[in-house]
Amino acid sequence: MRRALIYLAKVNAASCKAARNLAGLLLIAMVVVVILQIIFRYLLNDSLIWPEEVSKTMMVWTAFLVAPWAYRNGANVRIEMFVDEFSPFLRSILKLFLNLLVLWIVVVFFKESFGFWERGLTVRADSLPFQVAWFYSIVPIAFFLLLLVGVEQIMRDLLSLLRPNENWEIADQDDLLI
Amino acid sequence: MSLSYFWIFVFLLAAGMPVVFALLIGPGLSLTIDGEQVFHKALLSRLYNGMDSFPLMALPFFVLAGQIMNSGGITRSIVDFSQSMIGHVRGGLAQVNICSSLLFAGLSGSAVADASALGKIFIPAMHQNGYSRSFAAAITAASSVIGPIIPPSGIMILYAFIMNVSVAGLFAAGLVPGLMIAAGLMLMTNYLARKRGYPVANRRATWPERGAAFKTSLPALLTPVILLGGIFGGVFTPTEAAAVAAAYALIITVFVLRTLKLRDLFPVFVSSAAQSGIILLLVGASVTFAWIITVSGLAGTVADGMLGISQNILVLLLLLNIFLLLIGMFLDAGPAVLVLGPVLGPMFIDLGVHPLHFAIVMCVNVTVGLATPPMGLVLFVSANVSGEKLEKIAWQMLPFLAVEILIIFLITYFPEISLALPRLLGFA
């Protein structure tokens, strides 16, 4: 299990970071698109129709792209004060239980995401000549990455229960947030 | 459907589950228990469509603008300007801290960003000047609350989105309450400074010195003028104004002040995207949760419960404030607004409370909650920056919290404080 974990951790670290960095590029692209829209409206007197839909989609992608990284690095908002009172053993059990639940909902949504994508094939985008399914393609990708992270978290939780003397926390956490 | 989703949500939250997952697992598990898994696909499409909104995009843009200005040292110029204006009074640095928070609030929409940016400057400086670290941290935390109340404001964008009210209207409604909090904190600081003999930071700056400081900080001070002028004047939507603010911050820091190099920018983008992405997914999950709240009729149940206690709107508003302050002690402002807005809003609006007035009461409450122990994000940030114990800071916070709670009550019982400006500008 240890070797599988090391391998999976490498894959996850790289994919989470790549997805997060892509989100950074999308953010700047969003600014450019919205500024372009303003310039066209006020300076060229010509309202573009596509910027709104495109920038919105980029924003949704940003959220989905950041999600695996946020889950892996524990960057999501949560209340820890009650749990901090528990013994380390109880905390490990609780953590495993919570991560199993997360994995469950991620699997549910991963399975649903294919149907979601297919339904998108029947709808054309408002301003661009293709189906919204292409906008939706981030959903299965993000839930697949989340699934891998979920498996990694559970492996870590199991190992820390089996061998409590070793440190199974993620070592390569990168904390970008202020 | 049953209300089991809500109890699952509360249990998971208390157990330390990230809020975003608790918001999705509650309804998901509840539907499974009720044998209604067919609705799982509706949860997923609401998660996606919940984020697919143009007004919501103001949020990542304001986060980006704030981060660029912080990294580009614009915060510093605001501090220098405040210092030149009021650094000479008793308790000068504490007053400068509040004044900087007020000016910074016009650029940034986040209390945590304010506490972190200004804390790094003020806490060491105040300590050197003879203040205790815990007092310096407390005034930083207390004044950073102004950030999301004076527009632009992340929390108001979230509220406007989930409750379908105008962002511009909410921004206008927040201006006077924000100024009142600043004034209240300054009065309290003045009283404490005289009582405790806090030092004067500087000699009085001459007008030429003030002029020089004003000139340096002008790019920063112009930001709120462009933003609010653009939004209230109907030139931009709030989202466009936020994009303009980000582009403006970029141009100022990279090309005019040259405090940021092009290669420094990528980490700023990534960090802003990461912060925004986390909040956006929370928004999507909250929309999903809000849908379940509507379907299950939870808002009605809560309304019945509250109306059972009293029918008097004044009493109900008092209960609302107590409840929100308690919630604010444990829950971050964003999730609090996203989850509780749809539960509590309909009842008060039905009872005749103006939607913008209710919005301000709620936003100010949860924002002040950020600075209340035991669970307050800005308190954590200022504890972290100062290296001081949370309890000591919390103790020093008490007079300032008293001021903020007093102002919450003024806002609650005098609706005109928040409604006059939006009415004048035609938003209410």
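In case you missed it, the structure is sitting above this.
Procedures and definitions
- Residues numbered from 1 in each chain as written.
- Chains lettered and ligands numbered in written order.
- Predicted model: local features only at pLDDT ≥ 70, side-chain atom pairs only at ≥ 80, totals over all residues.
- Heavy atoms only, no water.
- Axes fitted to C-alpha atoms, helices over the stretch in contact; angles between N-to-C directions.
- Helix = DSSP H or I, 4+ residues; strand = E, 2+ residues; numbered from the N terminus.
- Parallel < 35°, antiparallel > 145°, perpendicular 65-115°, else oblique.
- Contact = heavy atoms within 4.5 Å.
- Nonpolar A, V, L, I, M, F, W, Y, C, P; charged D, E, K, R; others polar.
- Buried area = accessible area lost by both parts, 1.4 Å probe.
- Salt bridge = Lys/Arg side-chain N within 4 Å of Asp/Glu carboxyl O.
- Polar contact = N/O pair within 3.5 Å; in protein donor to acceptor, adjacent residues only side chain to side chain.
- Core = buried A, V, L, I, M, F, W, Y, C linked by side-chain atoms within 4.5 Å.
- Buried < 20%, exposed > 50% of the residue type's maximum accessible area, 1.4 Å probe, protein only.
- Phe/Tyr/Trp six-rings, centres within 6.5 Å; stacked < 30°, edge-to-face > 60°.

### Structural notes on the packing of helix α1 (residues 4-14) of chain B against helix α13 (residues 262-296) of chain B
Packed helices, taken two at a time, are described by the angle between their axes plus the distance between the axes.
Residue and element names in this part refer to chain B.
Argument step 1. Viewed as axis vectors pointing N to C, α1 and α13 meet at an angle of 140°, and their least axial separation amounts to 10 Å. In terms of axis orientation, α1 runs oblique to α13. The residues of α13 that touch α1, namely those facing Tyr-5, Phe-6 and Phe-9, are Phe-289, Ile-292, Ile-293 and Ser-296.
Argument step 2. Here the contact of α1 with α13 is built from residues that sort into six nonpolar, one polar and no charged.

### Details of the interface of chain B and chain A
Argument step 1. Each side of the interface is counted separately: chain B has 64 residues, and chain A has 59 residues.
Argument step 2. Looking at the side of chain B facing chain A, the largest losses of area belong to Leu-44, Tyr-48 and Ile-278 of chain B, adding up to 14% of the total buried there.
Argument step 3. Seen at the junction of chain B and chain A, the total is one salt bridge.
Argument step 4. Counting across the chain B and chain A interface gives two residue pairs in polar contact (both at pLDDT 80 or more).
Argument step 5. With 13 residues, α13 of chain B is the largest single contributor of residues to the side of chain B that touches chain A.
Argument step 6. Partitioned by chemical class, the residues of the side of chain B that touches chain A number 45 nonpolar, 15 polar and four charged.

### Section: the nonpolar core
Argument step 1. With 216 residues, the main nonpolar core has Phe-64 and Phe-143 of chain A as its most contacted residues.
Argument step 2. With 17 residues, α13 of chain B is the single largest residue contributor to this core.
Argument step 3. With residues near it in sequence (within four places) discarded, Phe-143 of chain A still touches Phe-64, Val-106, Phe-109 and Phe-110 of chain A together with Leu-44 and Leu-47 of chain B.
Argument step 4. Leu-8, Leu-148, Met-155 and Trp-168 of chain A belong to the second largest nonpolar core, which has six residues in total.

### Topic: the packing of aromatic side chains
Residues and elements named next belong to chain B.
Argument step 1. Inspection of every chain in the model, using the stated rule, returns 25 aromatic pairs over all chains.
Argument step 2. With centroids separated by 6.5 Å and ring planes inclined at 85°, the aromatic side chains of Tyr-5 and Phe-6 adopt a geometry described as edge-to-face. No difference in accessibility class separates Tyr-5 from Phe-6, as the two residues are buried.
Argument step 3. Where Phe-9 meets Phe-289, the ring centres are 4.7 Å apart and the plane angle is 45°; that geometry is what we call tilted. Highlighted residues: Phe-9 in helix α1 and Phe-289 in helix α13, separated in sequence by 280 residues.

### Here we look at the pattern of salt bridges
Argument step 1. Counting across every chain of the model gives eleven salt bridges over all chains.
Argument step 2. In this structure, the salt-bridge partner of Asp-80 of chain B is Arg-76 of chain B, at a minimum N-O distance of 3.6 Å. Of the two residues, Asp-80 of chain B and Arg-76 of chain B both sit in helix α5 (residues 74-86), four residues apart, roughly one turn of that helix.
Argument step 3. On the basis of relative accessible area, Arg-76 of chain B is assigned to the partly exposed category, the value being 43%.
Argument step 4. The partner of Glu-388 of chain B in a salt bridge is Lys-392 of chain B, and the shortest N-O contact between them spans 3.6 Å.
Argument step 5. A relative accessible area of 18% means that Glu-388 of chain B is categorised as buried.
Argument step 6. Its relative accessible area of 46% is what places Lys-392 of chain B among the partly exposed residues.
Argument step 7. Each of Arg-2, Arg-163 and Glu-166 of chain A takes part in one network of salt bridges that share partners.

Any link to function would need more than the numbers given here.
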